[in-house]
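Breakdown of the fold
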Amino acid sequence: MKQSQLFTKTQQEAPKDEVAKNAQLLIRAGYVYKEMAGAYTFLPLGWRVLQKIKEIIREEMNAIGGHEMHMTALQDKATWVPTNRWDDAVVDNWFKTELKNGTELGLAFTHEEDIAHLMTQYLTSYKQLPFYPYQIQLKFRNEARAKSGIMRGREFFMKDMYSFSKNEEEHNYFYEKTKQAYTNVFNRCGIGDYTYLTFASGGSFSKYSHEFQTITDAGEDVIYINKEKDIAINEEVYTDEVIQDLGLSKESLIKAKAAEVGNIFSLGTKFSDAHETTFTNEEGKPESVVMGSYGIGPARVMGTVVELFSDENGIAWPEAIAPFSVHLISINADEQAEALYAKLQEDGVEVLWDDRDARPGQKFADSDLIGIPHRIVISPKTIEAGGVEYKKRTEPDANIISVEELLTLVS
RNA sequence: CGGGGUAUGGUGUAACGGCUAACAUGUUCGCUUUGGGAGCGAGAGAUUCUGGGUUCGAAUCCCAGUACCCCGACCA
């Protein structure tokens with residue numbers, strides 16, 4: 001894409017009401033626009049990053065048998081009464097509204113009830129099980145206080161997957177597979193080294209749930225990490241009993257602030273009992289289906305990445321989720337740049353060409369701020385030296401390489 | 001939801017209760033310039049958040065509302 005055609009532009013200063021580093025950088029670099037507290041618009045650059053994160057999630061969910069679908073965000077009150085979660089005293093962050101005729105509606109903050117109810121129509125036999133529908137969708141939560149930029153909004157993206165299994169054994173097998181799939185997602189997004197499988201409070205059907213917590217000061221949770229075993233304990237269940245149960249010792253645990261980028265949860269038959277979501281077993285008798293739910297916040301992942309990978313000049317995206325792979329900067333070499341741009345695109349390289357009539361200093365500053373992994377400069381100077389200048393965003397030095405070398409580097 | 005704070009061109013800031021609300025940046029036009037946010041000149045851009053009050057006079061003081069930010073609580 002030609003940068004002159006991007007409608008977003010960079011800003012030297014962040015709006016003063018934005019304190020979170022992720023939001024400051026994303027706004028300054030033109031990735032997002034803040035509509036109101038806790039609600040951000042993803043501009044073309046930001047949407048590209050988000051789409052890449054979603055696509056990684058999609059691939060990993062599909063790889064373990066997930067089926068993508070899309071549920072309505074409008075919630076029927078009747079569906080939420082059986083589990084008592086319509087009650088404002090139980091769930092206090094509903095966005096509720098009503099139809100013209102006065103019928104009450106909710107905007108989805110999650111979908112367990114909805115999908116348990118839906119499945120009463122489709123789940124009949126044990127032969128159908130197990131299966132794993134998921135969606136990547138907007139969720140709404142009327143948070144008392146939005147904060148941390150795009151990491152905790154009132155409207156936010158969520159990948160929510162639900163598992164339906166015949167029994168605990170079948171459920172546990174998938175639960176463990178999901179752990180690995182989640183690990184793959186966070187590794188691919190570049191935050192694997194900072195992300196820990198974290199034991200958190202379970203529910204009536206399991207001792208623990210598992211969270212994926214990424215170490216960052218911008219996070220809201222406190223966890224205790226055991227680096228050797230690559231696991232952590234959430235502060236909320238940090239007791240002598242739990243430490244012992246996990247075979248750890250207090251001395252081996254390091255306290256850290258972290259952001260919850262994903263969680264997986266065994267639900268047992270809590271929701272299927274409430275909605276009579278049953279299947280007919282091999283004996284011909286009805287049985288409640290065993291459920292699990294599995295969430296990832298793609299925008300929270302994006303915010304966390306920015307928190308982790310930036311310097312005083314701007315963002316430094318991990319390769320896999322960068323909006324573009326190559327940032328091509330031309331200085332008084334439009335013709336040569338145009339040819340290189342065409343060549344890169346031909347080779348399937350995602351390239352942003354800064355073709356603007358701007359001074360070099362501004363282009364460099366913008367490039368650092370936007371944070372595309374590979375920077376190419378083409379100018380009379382580099383042409384005379386026999387090629388282009390190449391620099392990684394994460395490295396301080398640039399060097400001249402030939403176009404052929406460049407193509408093998410980035411293709 | 002409790003406590004605290006802030007609100008002035010698009011953005012960041014300034015202005016003792018007293019002149020036509022100032023500066024930087026961005027933006028438009030012209031000339032010059034081209035390897036780390038260039039220079040000169042000329043323009044456009046504000047009902048100082050809203051409503052009330054005090055005062056001869058309010059961006060400035062007071063009250064209410066709204067929005068935003070921070071701390072805490074909440075986060076099924």
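Residues numbered from 1 in each chain as written. Chains lettered and ligands numbered in written order. Predicted model: local features only at pLDDT ≥ 70, side-chain atom pairs only at ≥ 80, totals over all residues.

What follows concerns the overall build of chain A. Helix and strand counts for chain A stand at 12 helices and 23 strands. For the C-alpha atoms alone, the extent of chain A along its principal axes is close to 80 × 60 × 45 Å. For chain A, the residues scored as buried account for 41% of the 411 residues in total. (Helix = DSSP H or I, 4+ residues; strand = E, 2+ residues; numbered from the N terminus. Buried ≥ 20, exposed ≤ 12 C-beta atoms within 10 Å, placed from the backbone.)

In this section: the protein's contact with RNA strand B. In the vicinity of RNA strand B, 40 residues are found, and the nearest of them are Asp 17, Ala 37, Ala 144, Pro 360 and Gly 361. Where the surface near RNA strand B is concerned, the elements lending two or more residues are helix 10 (360–370) and helix 11 (380–384). Here the element with the most residues in the surface near RNA strand B is helix 10; it accounts for eight residues. Taken together, the residues that form the surface near RNA strand B break down as 16 nonpolar, 11 polar and 13 charged. (Near = placed C-beta within 6 Å. Nonpolar A, V, L, I, M, F, W, Y, C, P; charged D, E, K, R; others polar.)

The topology assignment puts Arg 28 in helix 1 (residues 21–28). Under the C-beta neighbour-count criterion, Arg 28 is labelled buried, with 20 such atoms within 10 Å. C-alpha of Arg 28 to C-alpha of Ser 209: the two residues are 181 residues apart in sequence and 37 Å apart in space. Residues contacting Arg 28, with those up to four places away along its chain left out, are Thr 10, Gln 11, Ala 14 and Leu 369. (Contact = placed C-beta atoms within 7 Å.)

Below, the discussion takes up the domain arrangement of chain A. Splitting chain A by domain gives domain 1 (3–311) and domain 2 (324–410). Distance from the C-alpha centre of domain 1 to the C-alpha centre of domain 2: 38 Å. The partner domain 2 presents nine residues to the five residues of domain 1 that form the contact. (Domains from an automatic or database assignment.)

Turning to the nonpolar core, a few remarks are in order. Within the largest apolar cluster, 92 residues are counted, with the highest numbers of intra-cluster contacts made by Leu 26, Ile 53, Cys 189, Met 302, Leu 328 and Ile 376. Among the elements that line this core, the one with the most residues is helix 2 (residues 44–63), at seven residues. Looking at which domains feed residues into this core, each of domain 1 (3–311) and domain 2 (324–410) supplies at least three. Excluding residues within four positions of it along the chain, Ile 53 makes contact with Cys 189, Pro 298, Val 301, Met 302 and Ile 321. (Core = buried A, V, L, I, M, F, W, Y, C linked by C-beta atoms within 7 Å.)

Their axes nearest at 9 Å, the elements helix 2 and helix 5 (residues 168–188) cross at an angle of 155°. Looking at the two axes, helix 2 sits roughly antiparallel to helix 5. In this structure, helix 2 meets helix 5 at a crossing whose hand is right-handed. Of the residues in helix 5, those touching helix 2 at Ile 56, Ile 57, Glu 60, Met 61 and Ala 63 are Ala 181, Asn 184, Val 185 and Arg 188. Among the residues making up the contact of helix 2 with helix 5, the classes are represented as six nonpolar, one polar and two charged. (Axes fitted to C-alpha atoms, helices over the stretch in contact; angles between N-to-C directions. Parallel < 35°, antiparallel > 145°, perpendicular 65-115°, else oblique. Left-handed = near helix turned anticlockwise from the far one by under 90°.)

The next subject is the pairing of strand 13 (residues 254–268). Two elements, strand 10 (residues 206–215) and strand 13, share six bridges in a ladder whose sense is antiparallel. Looking at the pairing, Glu 211 lines up with Asn 263 of strand 13. Alignment of strand 11 (residues 221–226) against strand 13, held across five bridges, turns out to be antiparallel. By the bridge assignment, Ile 225 is partnered in strand 13 with Ile 254. Two elements, strand 13 and strand 16 (residues 290–296), share six bridges in a ladder whose sense is antiparallel. Bridging from a neighbouring strand, Gly 262 pairs with Ile 296 of strand 16. (Pairing = 2+ DSSP bridges.)

All right, on to helix 10 then. Because each turn of an α-helix spans 3.6 residues, side chains separated by three or four positions in sequence point in the same direction. Within the span of helix 10, buried status applies to Lys 363, Asp 366, Ser 367, Asp 368 and Ile 370. Buried residues in helix 10 make contact with strand 18 (314–315), strand 19 (326–330), strand 20 (351–354) and strand 21 (374–378).

Turning next to the sheet that holds strand 6 (residues 104–107). Sheet strands pair by backbone hydrogen bonding; their relative direction is either parallel or antiparallel. Reading across from one edge, 4-6-5 is the order of the three strands in this open sheet, with antiparallel pairing throughout. The sheet is open, and its two edges are formed by strand 4 (74–76) and strand 5 (95–98), each paired on a single side. Between one strand axis and the next, the sheet turns by 40° as a mean value, whatever way the strands run. Note that strand 5 and strand 6 share four bridges and pair antiparallel. Bridging from a neighbouring strand, Lys 96 pairs with Gly 106 of strand 6.

On to the packing of helix 1 against helix 8 (residues 298–308). Close contact between helix 1 and helix 8 brings their axes to 8 Å; oriented N to C, the two are set at 95°. Classed by the angle they form, the pair helix 1 and helix 8 counts as roughly perpendicular. On the side of helix 1, the interface is formed by Lys 21, Asn 22, Leu 25 and Leu 26, while helix 8 contributes Gly 303, Val 306 and Glu 307. Of the residues assigned to the contact of helix 1 with helix 8, the class counts are three nonpolar, two polar and two charged.

This part takes up the confidence of the model for chain A. Residues with a pLDDT of 70 or more make up 100% of chain A, whose mean pLDDT is 95. Two summary scores accompany this predicted model of the complex, namely pTM at 0.97 and ipTM at 0.94. (pLDDT = per-residue confidence, 0-100.)

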